[in-house]
Amino acid sequence: MIAVPEPGLTESELVARAVALRPARLERQAETERLTHYPEDTHDDFLRAGFYRILQPKRYGGHEFGLPVFYRVIMEISRGCPSTGWALSLTAAHVLQVAAVFDERAQDEIFGPDGDFRAASTVAPVGIARPDGPDHVVLDGTWPYSSGAPYSTHYLGQTLRAPAGPGDPPGPPVLFVAPRAVWTVLDDWHGVLGLRGTGSNSIHMEQARVPTYLTRETSLLDLPVEGGSVGSELHGNPMYAGRAPSVYHGELAAIMIGTAYAAADEYARIVAARPLLLEPDRTRADLHDFQRHLGEALGALHTAEAAMRRTAEDWMETCHRNASGTAPFTVAEDNRLALMFLNAGRMAWEAFQGILFRTAGSRHARDGERMQRYFRDAATYWTHVGPGMQEPLERRVGCDRLGLPSEHIPLIP
């Protein structure tokens, strides 16, 4: 057992800390892009604020707050710097899967004596887990797009089981947790349009030897949680009996909504500071069109945020029904929740690019302008594998409603 650093901390206090840190995130945006990851000062801010421990079990020094408050924190951090929000979310959220499917022995080792845990990950399996005696596997390969890698203490990766024999195909997916000592971060996160400060470097392993108890024969896309999990029993919390894809889509929605709110903040600043050509004593903020543009965008963003927050509560309720035996957390439920999160993110993207960026003025699309940075970040989000799952998720949800098979429809091409 590890003592919780701040046992009296409340959810509202945690969110308030994220809001209070916004000025520093705004100030460090350019530095974050230059470094390709958020600076050490930001990492220290997050350690002090407890943001890495939001979802972590209390047994291992975490706050064990729910998914709704986690998304609110990510949204607020992204409102100050989208790259920073992305990296924080995609390292701090993987504790849910680790705490769900690995046994007590593994979790004792993973979280260690002080509960210091952050894990980058990527959705696609890489390489082969070759057996090394009865108690270890050896991993070789390069796992790309591992957001938040520079500050990660562990890597939550996926690979494939070694073939049963010569000429046989690789076995099923294997989920593993690799400690920081057995992998390196490659300096290859450069030349991207947006999200330049997310630290989405590749993770490289050569002859990395990992105990078999830090592996599970499963996939992040299909965790074995129906009826409860090892983690929900160990921690007495149904939150650790939830499926992963919908959580991931919720993370992206929180980031996109926070980014769009950041753009709305910048839009309000821009129109209030822009004098009219023929009436220099007035600004664009006095014109009905710009008032309407901002109001229309904010209306969409408030709706997207409400959808995200309610879907997060729905996810928690689905976990509770699952762990209590009332109703299993099926793939169909995961499809439904994932699509709701994805639609919330899409609504925010459309309000941003279709209203705010379009009407802010071309001078704010220049290098160094925050509006340009937000657009690059949001556009890069929209090219990500997550939003790319929209059409297969829509088809899956339709098939689920019609009583047709849907799990054969691939989410990733």
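The structure this text deals with has already been given above.
Below or above, wherever it landed, is the structure these notes cover.

Criteria and cut-off values
- Residues numbered from 1 in each chain as written.
- Predicted model: local features only at pLDDT ≥ 70, side-chain atom pairs only at ≥ 80, totals over all residues.
- Heavy atoms only, no water.
- Core = buried A, V, L, I, M, F, W, Y, C linked by side-chain atoms within 4.5 Å.
- Buried < 20%, exposed > 50% of the residue type's maximum accessible area, 1.4 Å probe, protein only.
- Helix = DSSP H or I, 4+ residues; strand = E, 2+ residues; numbered from the N terminus.
- Contact = heavy atoms within 4.5 Å.
- Phe/Tyr/Trp six-rings, centres within 6.5 Å; stacked < 30°, edge-to-face > 60°.
- Lys NZ or Arg CZ within 6 Å of the ring centre and 35° of its normal.
- Salt bridge = Lys/Arg side-chain N within 4 Å of Asp/Glu carboxyl O.

Next up on the list: the nonpolar core. Of all hydrophobic cores here, the largest spans 110 residues; its most connected members are Phe51 and Met205. Top element by residues in this core is helix α10 (residues 244–273). It accounts for 17 residues. Excluding anything up to four places from it in sequence, Met205 contacts Leu139, Asp140, Gly141, Trp143, Tyr155, Phe176, Ala178, Val182 and Trp183. Listed in part, the six residues of the second largest apolar core include Leu339, Met389, Leu393 and Leu411.

On to the packing of aromatic side chains, then. For any pair of aromatic rings, the description consists of the separation of the ring centres together with the inter-plane angle of the planes. The tally for this structure, following the rule as stated, stands at 20 aromatic pairs. On the numbers, 6.1 Å between centres and 15° between planes, the contact of Trp349 with Trp382 is stacked. Linking Trp349 in helix α12 (residues 331–360) with Trp382 in helix α13 (residues 370–382), this pair joins segments that are 33 residues apart in sequence. According to the relative accessible area criterion, Trp349 is buried, its value standing at 10%. By relative accessible area, Trp382 is classed as partly exposed at 27%. Members of the aromatic cluster, each reached through a chain of ring pairs, are Trp349, Phe352, Phe357, Phe375, Tyr381 and Trp382. Lying across the ring of Tyr52, Arg118 places its NZ or CZ 4.8 Å from the centre. Here the guanidinium or amino end of Arg180 rests over the ring plane of Trp183, the centre of that ring lying 4.3 Å away.

The next thing to look at is the pattern of salt bridges. The tally for this structure, following the rule as stated, stands at 25 salt bridges. Arg28 serves as the salt-bridge partner of Asp45, at 2.9 Å between the closest nitrogen and oxygen. Of this pair, Asp45 sits in helix α4 (residues 40–49) while Arg28 sits in the loop between α2 (22–27) and α3 (29–35), and the two are 17 residues apart along the sequence. Here Asp45 matches Arg28 in class, with each residue buried. The residue Glu317 makes a salt bridge to Arg310 at a minimum N-O spacing of 3.4 Å. For Arg310, a relative accessible area of 40% corresponds to the partly exposed category. Via salt bridges that share partners, Arg25, Arg28, Asp45 and Arg48 belong to a single interconnected network.

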